[in-house]
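# Residue-level structural notes
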Amino acid sequence: MTAKRLAGQPVAVAIRERTGQLVSRLSSEGITARVAVVLATDNEATAWYVRSIERAAEQLGVHCQVLDLASGTQSELAQTIRALNADETVHGIILQTPLPESVDPAALVQLIDPAKDIDGANPLSLGRLSVGQPAFAPATARSVIEILEHYQIPLAGEHVAVVGRSAVVGKPLAQLLLQRDATVSICHSRTTNLAEITKAAAVTVVAVGRANLLTGNEVSDSSVVIDVGTNVTEDGQLVGDVHAESVQTLVRAMSPVPGGVGTVTTALLILHATQAAVAVLEDASLRGAPMAARR
Ligand code: NAP
């Protein structure tokens, strides 16, 4: 048996369709959704990722502005974020990592207005998610949910194992799963019975950053496996955290790397930016504000 392939591409296409509908609604009100990416590195892989966000935005008629602050100081970056918060024409802010070693990322993400925090970087967004208030989740965590829902993998009442507890993936994902009534086990480097938990789970999501962490010994034939990991092998290949050879012949369904979660994230960032713009529009409509104030 070979596992059903939970490819990211059809999921991204469906997300772009939803975004297109929101863009049309905004455009009928004369509004263009705008996203600002604050970039503070000259790392080539990051530049490539940011270009993919720009392309995704452009394809959908969303304006994407990249603010290149490669040697930016803490105070320059803070000032930039404050200015973007105050700019009513900007609906979404992404503070792209990695940041220069000299800056304190935690202090910077806390500055992002939660209403514009389209990649769920501000801890307030995670806090809001955890108490069920509206907030943007990090695009990677949300991508996992989009894949599971697109392929109609049931979550309510199901046991889901999340391997990894970072603020970017594991923790927000656990909150999104709880919101969908899953029973969630959050595993980490000190979990002693990982195989027992992942074998028992209906769905296992691995977000660790270690190639071959999950092998055929840690899954069952009824498992659905989502691989969030991205690792580059010595010969330059991109691989996930799952030992694909041993797992894909055993499990029910599995997302590939590349071509899985990573394919969905940029589409989701643009969806979040348009949702943020729609929220401003709806808020202005409720308050009866004039059009100029809505942009
Ligand atoms: P991270 O901050 O380094 O967190 C890794 C997590 O894995 C930690 O919670 C750690 O546990 C846990 N862990 C480490 N070794 C483990 C082990 N042997 N068994 C069980 N858990 C273990 O990483 P991250 O930022 O969440 O990213 C995780 C992976 O996702 C990386 O490969 C990253 O590149 C990838 N990623 C992909 C995308 C995408 O778009 N596809 C986006 C973001 C991240 P402790 O908390 O105990 O240390």
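Above this text you will find the structure in question.
Read on for a plain summary of the structure. All of these numbers come straight from a predicted model, not from anything done at the bench.

Procedures and definitions
Residues numbered from 1 in each chain as written. Predicted model: local features only at pLDDT ≥ 70, side-chain atom pairs only at ≥ 80, totals over all residues. Heavy atoms only, no water. Salt bridge = Lys/Arg side-chain N within 4 Å of Asp/Glu carboxyl O. Helix = DSSP H or I, 4+ residues; strand = E, 2+ residues; numbered from the N terminus. Buried < 20%, exposed > 50% of the residue type's maximum accessible area, 1.4 Å probe, protein only. Pairing = 2+ DSSP bridges. Expected span 1.5 Å × (residues − 1). Arc of directions from axis to C-beta. Contact = heavy atoms within 4.5 Å.

Our next topic: the pattern of salt bridges. Enumeration according to the criterion identifies six salt bridges in this entry. In this structure, Glu146 and Arg18 form a salt bridge, with 2.9 Å as the shortest nitrogen-oxygen distance. Of this pair, Glu146 sits in helix α6 (residues 139-150) while Arg18 sits in helix α1 (residues 9-28), placing them 128 residues apart in sequence. By relative accessible area, which is 34% here, Arg18 ends up partly exposed. We note a salt bridge from Glu146 to Arg142, for which the minimum N-O separation is 3.5 Å. Of this pair, Glu146 and Arg142 both sit in helix α6, four residues apart, which is roughly one turn of that helix. The exposure class of Glu146 is buried, given its relative accessible area of 6%.

Take the sheet that holds strand β11 (residues 253-254) next. Two modes of strand pairing occur in sheets, parallel and antiparallel, and in both the strands are linked by backbone hydrogen bonds. Strands sit in the order β1-β11-β8-β7-β5-β6 across an open sheet of six strands; the sheet is parallel. Two strands close off the open sheet at either side, each with one partner strand: β1 (4-5) and β6 (183-187). Judged from the four bridges that link them, strand β7 (residues 203-206) and strand β8 (residues 224-227) form a sheet pairing that is parallel. Bridge pairing in β8 links Val205 to Ile226.

Moving on: helix α3 (residues 74-86). Taking 1.5 Å of rise per residue, 13 residues should cover 18 Å, and α3 covers 18 Å from first to last C-alpha, within 8% of that figure. All buried positions along α3 are accounted for by Leu77, Ala78, Thr80, Ile81 and Leu84. End-on, the buried residues of α3 take up no more than an arc of 160 degrees, which puts them together on one face. More than 90 degrees from the buried face of α3, the exposed residues found are Gln79 and Ala86. Contact partners of the buried residues in α3: β2 (34-39), β3 (63-68), β4 (92-95) and α4 (105-109).

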